[in-house]
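Here is what each chain is made of, one letter per residue.
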Amino acid sequence: MGEKVRIVIDDVEYEVEKGKTVLQVALEKGIEIPYFCYHPRLSIAGACRMCVVYWENIGRLVISCNTPVQEGMVIRTHRTSKVVEENQKYLLQALMTRHPLDCPICDKAGECDLQNYGAIYGPQKQIVPVSALEKEREEHNWQSDFLEYYSNRCVVCYRCTRACDEIVGAHALYVESRGFHSNIVPTVRPMDTSSCEMCGICVHVCPVGAIISKPFKFWSRSWLLEKGLTRCNLCPVGCEIQIEYGVGDWRSKRKVYRTKPTEDLNVCAKAFFGYDSLNRERLLKPVVYGREEGDVAGLISSIISSEGEVTAFVLSGYLPNEVIDSVLKIAEASGSYVTAPQTVDFFKMAKKLGCEPLTIEEVKGYDRFLLIGDDITSTAPVLTYYIRGKVYKVGKTVRDSKLNPELIDLSSAKRLEGPGLIILTPHYFGGEEAEEVAETVKEMSERGWRVLLLPREGNLYGVYKRAKDLLSDIGAVVEKVLSGEIRNLFVFGEDIAEYLDRDTLVEMREKLDHFIVASPFKDGLSEIANVSIPMSLMGENEGTYDTLMGEVRGRRFLPWAFDDLLLWRSVAERVTGSKGVRKAEGGRELKLRSEVHLYRSNWITERSENLTKLYEKNLQPEERRIN
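What counts, and at which threshold
Residues numbered from 1 in each chain as written. Predicted model: local features only at pLDDT ≥ 70, side-chain atom pairs only at ≥ 80, totals over all residues. Heavy atoms only, no water. Helix = DSSP H or I, 4+ residues; strand = E, 2+ residues; numbered from the N terminus. Buried < 20%, exposed > 50% of the residue type's maximum accessible area, 1.4 Å probe, protein only. Expected span 1.5 Å × (residues − 1). Contact = heavy atoms within 4.5 Å. Polar contact = N/O pair within 3.5 Å; in protein donor to acceptor, adjacent residues only side chain to side chain. Axes fitted to C-alpha atoms, helices over the stretch in contact; angles between N-to-C directions. Parallel < 35°, antiparallel > 145°, perpendicular 65-115°, else oblique. Nonpolar A, V, L, I, M, F, W, Y, C, P; charged D, E, K, R; others polar. Arc of directions from axis to C-beta. Left-handed = near helix turned anticlockwise from the far one by under 90°.

Q: What is the right way to look at unusual backbone geometry in this model?
A: Glycine aside, residues mostly have negative phi angles, and peptide bonds mostly take the trans form. Note that the residue after Arg189, namely Pro190, is joined by a cis bond; omega there is 5°. With respect to the helices and strands, the residue Pro190 is situated in the loop between strand S8 (183-186) and helix H5 (201-205). In this model, Gly418 is joined to Pro419 through a cis peptide bond whose omega is 0°. If you trace the backbone, Pro419 turns up in the loop between helix H13 (410-413) and strand S20 (420-424). Phi at Tyr158 takes a positive value of approximately 65°, unusual for a residue other than glycine. Inspection of the secondary structure puts Tyr158 in the loop between strand S6 (147-149) and helix H4 (159-168). Exposure remark for Tyr158: the relative accessible area of 28% places this residue in the partly exposed category. Of note, the phi angle at Glu281 is positive, near 45°, even though the residue is not glycine. Within the secondary structure, Glu281 sits in the loop between helix H6 (269-272) and strand S13 (287-288).

Q: Is there a simple way to explain helix H2 (residues 82-97) in this structure?
A: Residues spaced three or four apart along an α-helix point in a common direction, a consequence of the helix completing one turn every 3.6 residues. Helix length check: H2, at 16 residues, gives a terminal C-alpha distance of 22 Å against a target of 22 Å (1.5 Å per residue), a fit within 8%. Residues of H2 that are buried: Val84, Gln88, Leu91, Leu92, Gln93 and Thr97. Structurally, H2 contributes buried residues whose contacts are with strand S3 (52-55), strand S4 (60-63), strand S5 (74-76) and helix H3 (113-120). Its side-chain oxygen 3.4 Å from the backbone nitrogen of Val83, Ser81 forms the N-cap of H2.

Q: Where do I start with the packing of helix H16 (residues 474-482) against helix H17 (residues 502-511) in this structure?
A: Interhelical geometry of H16 versus H17 gives an angle of 50° and a closest axis separation of 8 Å. Looking at the two axes, H16 sits oblique to H17. Counted together, Val478, Val481 and Leu482 of H16 and Glu507, Met508 and Lys511 of H17 form the full contact between these two elements. Classifying every residue of the contact of H16 with H17 gives four nonpolar, no polar and two charged.

Q: What is the right way to look at helix H7 (residues 297-304) in this model?
A: Among the residues of H7, Ala297, Ile300, Ser301, Ile303 and Ile304 are the ones counted as buried. Buried residues of H7, seen end-on, are gathered within an arc of 160° and therefore sit on one face of the element. As for H7, its buried residues are in contact with strand S15 (310-314), helix H8 (321-334), strand S22 (486-492), strand S23 (514-519), strand S24 (531-534) and helix H18 (564-574).

Q: Help me understand the packing of H7 against H18 in this model?
A: Each packed pair of helices is defined by two parameters, the angle between the axes and the distance between the axes. It is at 9 Å that the axes of H7 and H18 come closest, and there the two elements cross at 45°. For the element pair H7 / H18, the angle class is oblique. For the pair H7 and H18, the sense of crossing is right-handed. Here H7 contributes Ala297, Gly298, Ile300, Ser301 and Ile304 to the contact with H18, which in turn contributes Leu567, Trp568, Ser570, Val571 and Arg574. Residue composition of the contact of H7 with H18, grouped by class: six nonpolar, three polar and one charged.

Written as structure tokens, this is what we have:
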């Protein structure tokens, strides 16, 4: 415990931790002080002055966000000081004077700090004689299809610029001009093809409606939507996010309208703008040979239990742990093969180097990093929010340039002295190059460097933890399907489509008695499956995931959610026996085909129209011609 001091706020004495500010202490004690520019994850700006309090000891007003607590300090807030109350009213009046009264068309209405403070603390009528025509200030077009800025609404709190600089590190925004003429402008326009990562944090931290999300613009009101907290599983970080959705009644259509971060501000474009994949071509009921069915647990169990027929399961790195456990139990009982496409790369590297997932808290403890392989900012964007210090890079460097890495080769990396953290993306390497990388990393780990193997998938750590010793090589399973030895194939998700072309998958289906696909979508692999079973996405199951945030749990609240956890538990209870999991090695060589891009990193984000548009806008001219 740190040193304590005693202070008095509104005639009540508190013992508080020395080093904290008056505002932090007040908020912890449930004492309401209005503010615009303060945010717990951002540096202190002291820009808005709304958090003023009266410091009796020195007889003057101070801003509480930038005033450390001191022994014997006596503080009065607006609750016990008329001076504070009048000053806050004056500040609100200054902001309101030139602020357009466009709450009826502003997306921030209902969750706007200026609107709320105006109602609670502020003057209820305009006292400064300024006409509507005099309220205009220069508008700035960000040239974006996704973010829109209204200069007149801006209270110049600098939250957006600080978040972009201090958390994301993209430096995509800055403040132009001074005083009333201040405007938030992009460092590069068009905004969509700048250093901006479209994480949406600027939209979330804006206390008014100055920065809004265009895809959400005019669609609904915050108070008309249901809300639920869950975990994003689009990459291995495991961020907590809020999903806002309609239930299909008079208020809003039944769909997801937007996603937002919590006040931890852990979010990236994959979740913030990729939410529309939750609405697209959803498979919500099992389909058996073209007909929707209710209960398919019995059918699945009978297929797996068929005498003389061999079954294989292809796991996905986006499954919750509970489904993985059920599948392994089924495979153990029935003598089936279990594999995953990532046996091509991640599991091979993990076998050589081991795999011990670190937590974000552990990552924060390092000040020297070596990034090897793919663009980390594209693979797991939020991880880069916590990479601070000296950075070296071997491999692809696109968005990672924001980390100011020193670009080196493997031979130079061998000479780096530890300790430090190596972040390695196994999917980036293959063949002899993978061997060389593994050898280099192993040598460096003996000199004090710790290794983080970073997958692309949301729960590949969970697959590794539970099934690493049971997995067959995916190439061997493919060969056994094509040779006719495996007659039933269960494919979860579409990870396999990133390693195999569609013609090969169709050829495999022709060799099978049953091709069963568990997918969230009606299109893709579901179109060529004999049986299609819904697979849940975020907000649709109570499963757990092993992530860089530790083991995290999702929540099931979206009204259309299919309970796939219950289905696979039911199948596991019906399939009995103890034949043991079969294992096969070798087989044909497979290689990852899909590109890892900030706006397109997997088969789920590929379904998002928002992310697809961003992806296509950011392609180079020659890439656009190819695509």
